[in-house]
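Breakdown of the fold
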Amino acid sequence: CVRVMHSLQVDSVQRWMEDLRHMTEVECMCVLQAKPIGVEEDTQGELIVATGDHVARDNLQTLLRRALVVSTELGKMFQRLEKGRWQRVHSTAVRANCHVRSLVHEYSAARNTPAEMQKYEKSLLEKCMELTTITERCLHTEDEFFLKSMREAIHEILTDVSDSFSHMIDMALANEIQILIRQIESSDSVYAIGSAISNLLSLTQDGPQLCSIIAKEGAVVALFKICRQDCFSDLYAHALRTVASICCVEEGINQLEKVDGILCLADILTDENSAEAARAEAAAVVAQITSPHHTSTQHLGSFLESMQDIVTALIKLCESASCGEVFLLASAALANITFFDSMACEILLQLNAIHILLQSCKDRQRVDTPYSKDQVVTILANLSVLEQSSSEVLQEKGILLQLLGEKPSSSSPSEGAACERVQQKAAVTLARLSRDPDVAQTAIQLQAVPRLIELCRSPAERNNSDSVLVACLAALRRLAAGCPDSIEAADHQQLIKPRLVDSFLLCSNMEESFV
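Let me sum up the structure you'll find in this document. (Residues numbered from 1 in each chain as written. Predicted model: local features only at pLDDT ≥ 70, side-chain atom pairs only at ≥ 80, totals over all residues. Heavy atoms only, no water.)

With that settled, the discussion passes to the overall build of the protein. In terms of helices and strands, the protein carries 27 helices and 0 strands. When the 515 residues of the protein are sorted by exposure, 51% land in the buried category. Within the protein, contacts between residues at least 6 apart in sequence are counted, and of these 74% link residues at least 24 apart. Accessible surface computed for the protein: about 24500 Å², of which carbon and sulfur atoms make up 50%. (Helix = DSSP H or I, 4+ residues; strand = E, 2+ residues; numbered from the N terminus. Buried < 20%, exposed > 50% of the residue type's maximum accessible area, 1.4 Å probe, protein only. Contact = heavy atoms within 4.5 Å. Areas by Shrake-Rupley, 256 points an atom, 1.4 Å probe, with all protein chains shown as cover.)

Spelled out as structure tokens, the structure:
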């Protein structure tokens, strides 16, 4: 549910000019003592002192770019040190030293650096200089014993430099994030708050480590304060999208729990006056915090208290969704919820969810990708463990079997994987539902058996997926148990009679004939 945002909206020439400045030749950097080259007087310290609403975003992105340059150089040093390429080890040390000094100089010139961070800066600069000095000594000797002892010493210093640099960057990022959060908390301007939220959102796209820092600095708390004020209703969707991104890490979910975020999500989802975009992003947060990938489930206790309202609102959102993205977010949340509590499945059955979801598969405006169908069939597979679900599916003849025929419309690996999941879960759902003789008979009448056999025998039809093969074999065997005559003798001999593992090995080793 996390969507990548193009935060650096600049043309290619401007990007090249920015990157070029950070990759300045080492000799120039040394001669000018790491000062910016050709900077106008009023733009000195460009790292931080850009003007206008893009300042924070530019600060953060520049900081991240410079950090990446330094990290790359340090990584090269480790590699070259292991190979004993001393000339390159030294030149890389000089280059890294220059980049670190440049970064520290520019950042300090534009921000009132916290005292604790200043200590790290001073220590880091000393270690970088020590690294440059000690690597230079290795250029003037061929004494293997000396070089071996130096290699160990350099490795230790380099490790210290790497750790110190990472910690300093984390502190700098935390400082910038605090500024953004203060802007969100103290400003009355919708534009200013929206700009700060945009900058936080762009930061979340740089990985879980940054999301953890953002969460620890209190961003989730600040964003939910926005979502509880009617005057900022236009910012709800934007704020919730950022919350969903932050909640990819446990710290984000913990912060959400502390501010009763689930209750706020339920209020937005159930409020008919809330914009669809806001309800969709609230669904995205629900999908994120209920993801099976999270190891901690402590937050789910409070979620259960609001589950009836949330599930009801989500299925309504699926039914009324104006586009595929809204349906995907709402159905993904429902799919995750059905994994961890059977009560959710019972609620969905009472709300006529099977009919709503299967009918939505006919609507290309709502269900327009295999990813959405994956969510639908996940919900169906989880609902199919309940006995009363059989009669519901019978009323929607054929739609479930159409999902067995799902095929990718492009060569995209992710789309192919989504189609595999759709086929697998459709087969699992069919196998579970076929414990009811009426469902099994209806499936046979709708030609489920030939399609299942085709998926078993033709690797291309299932995209060479073993999980689809196992699910289809299980569904075939369930149908054959109730209606033996539905399977031809040759198929019965190979796909039904042997042990499941033997049939699996037979089908997985089949080569298609192209004659």
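On to the nonpolar core, then. With 157 residues, the main nonpolar core has Phe224, Leu256 and Leu314 as its most contacted residues. In terms of residues, this core owes the most to one element, helix H6 (residues 144–186), which gives 17 residues. Among the domains, domain 1 (52–173) and domain 2 (399–514) are the pair contributing at least three residues each to this core. The residues touching Leu314, leaving out its near neighbours within four places in the chain, are Leu269, Ala283, Val286, Ala330, Ala333, Leu334 and Ile337. (Core = buried A, V, L, I, M, F, W, Y, C linked by side-chain atoms within 4.5 Å. Domains from an automatic or database assignment.)

So, about the packing of helix H25 (residues 466–482) against helix H27 (residues 500–508). Two elements in contact, H25 and H27, have axes whose closest approach is 10 Å; the angle formed by their N-to-C orientations is 130°. As far as their axial angle goes, H27 and H25 are oblique. H25 and H27 meet at a crossing whose hand is right-handed. Seen from H25, the contacting residues are Asp466, Leu469, Val470, Leu473 and Arg477; seen from H27, they are Leu500, Ser503, Phe504, Cys507 and Ser508. Among the residues forming the contact of H25 with H27, the class breakdown is 6 nonpolar, 2 polar and 2 charged. (Axes fitted to C-alpha atoms, helices over the stretch in contact; angles between N-to-C directions. Parallel < 35°, antiparallel > 145°, perpendicular 65-115°, else oblique. Left-handed = near helix turned anticlockwise from the far one by under 90°. Nonpolar A, V, L, I, M, F, W, Y, C, P; charged D, E, K, R; others polar.)

As for its position among the elements, Ala440 is in helix H23 (residues 437–445). On the accessibility criterion, Ala440 (4% relative accessible area) is buried. Separated by 10 residues in sequence, Ala440 and Leu430 place their C-alpha atoms 8.3 Å apart. In this structure, Ala440 is in contact with Ser434 and Leu479, ignoring residues within four places of it in sequence.

On to the pattern of salt bridges, then. Here the structure, examined in full by the defined rule, presents 12 salt bridges. A salt bridge links Asp491 to Arg457; its shortest N-O distance comes to 3.1 Å. Residue Asp491 is located in helix H26 (residues 489–496), and its partner Arg457 is located in helix H24 (residues 448–457); the two are separated by 34 residues in the primary sequence. Take Asp491: its relative accessible area is 12%, and that puts it in the buried class. In this structure Arg457 comes out as partly exposed when scored by relative accessible area, which is 23%. Note that Arg499 is salt-bridged to Asp502, the shortest N-O span being 3.1 Å. Connected through salt bridges with shared partners, the residues Lys407, Arg451, Glu454 and Glu461 form a single ionic network. (Salt bridge = Lys/Arg side-chain N within 4 Å of Asp/Glu carboxyl O.)

On to the side chain of Asn97. Counting through the fold element by element, Asn97 comes out in helix H4 (residues 86–110). Assessed through its relative accessible area of 7%, Asn97 is described here as buried. In this structure Asn97 touches Cys128, Met129 and Thr132, once residues within four positions along its chain are discounted.

Time to look at the state of the cysteines. If you walk through the whole model with that rule in mind, you get 0 disulfides. The thiol of Cys456 is not disulfide-bonded; the next cysteine sulfur, from Cys472, is found 5.1 Å away. Using a relative accessible area of 0% as the deciding quantity, one classes Cys456 as buried. (Disulfide = S-S within 2.5 Å.)

Turning our attention to a negative patch on the surface. A cluster of acidic residues, Asp230, Asp267, Asp271, Glu272 and Asp309, forms a negative patch at the surface. When you line up the elements, Glu272 lands in the loop between helix H12 (261–270) and helix H13 (276–289). (Patch = residues over 30% accessible without salt bridge, like charges linked within 9 Å, V, L, I, M, F, W, Y side chains within 5 Å. Lys, Arg positive; Asp, Glu negative; His and termini not counted. Charge placed at Lys NZ, Arg CZ, Asp CG, Glu CD.)

Phi at Gln447 takes a positive value of approximately 65°, unusual for a residue other than glycine. As for its position among the elements, Gln447 is in the loop between H23 and H24. Located in the positive-phi region is Asn464, a residue other than glycine, with phi close to 60°. Tracing the chain through its elements places Asn464 in the loop between H24 and H25. Since its relative accessible area comes to 56%, Asn464 is described here as exposed.

Nothing here speaks to function; it is all geometry.
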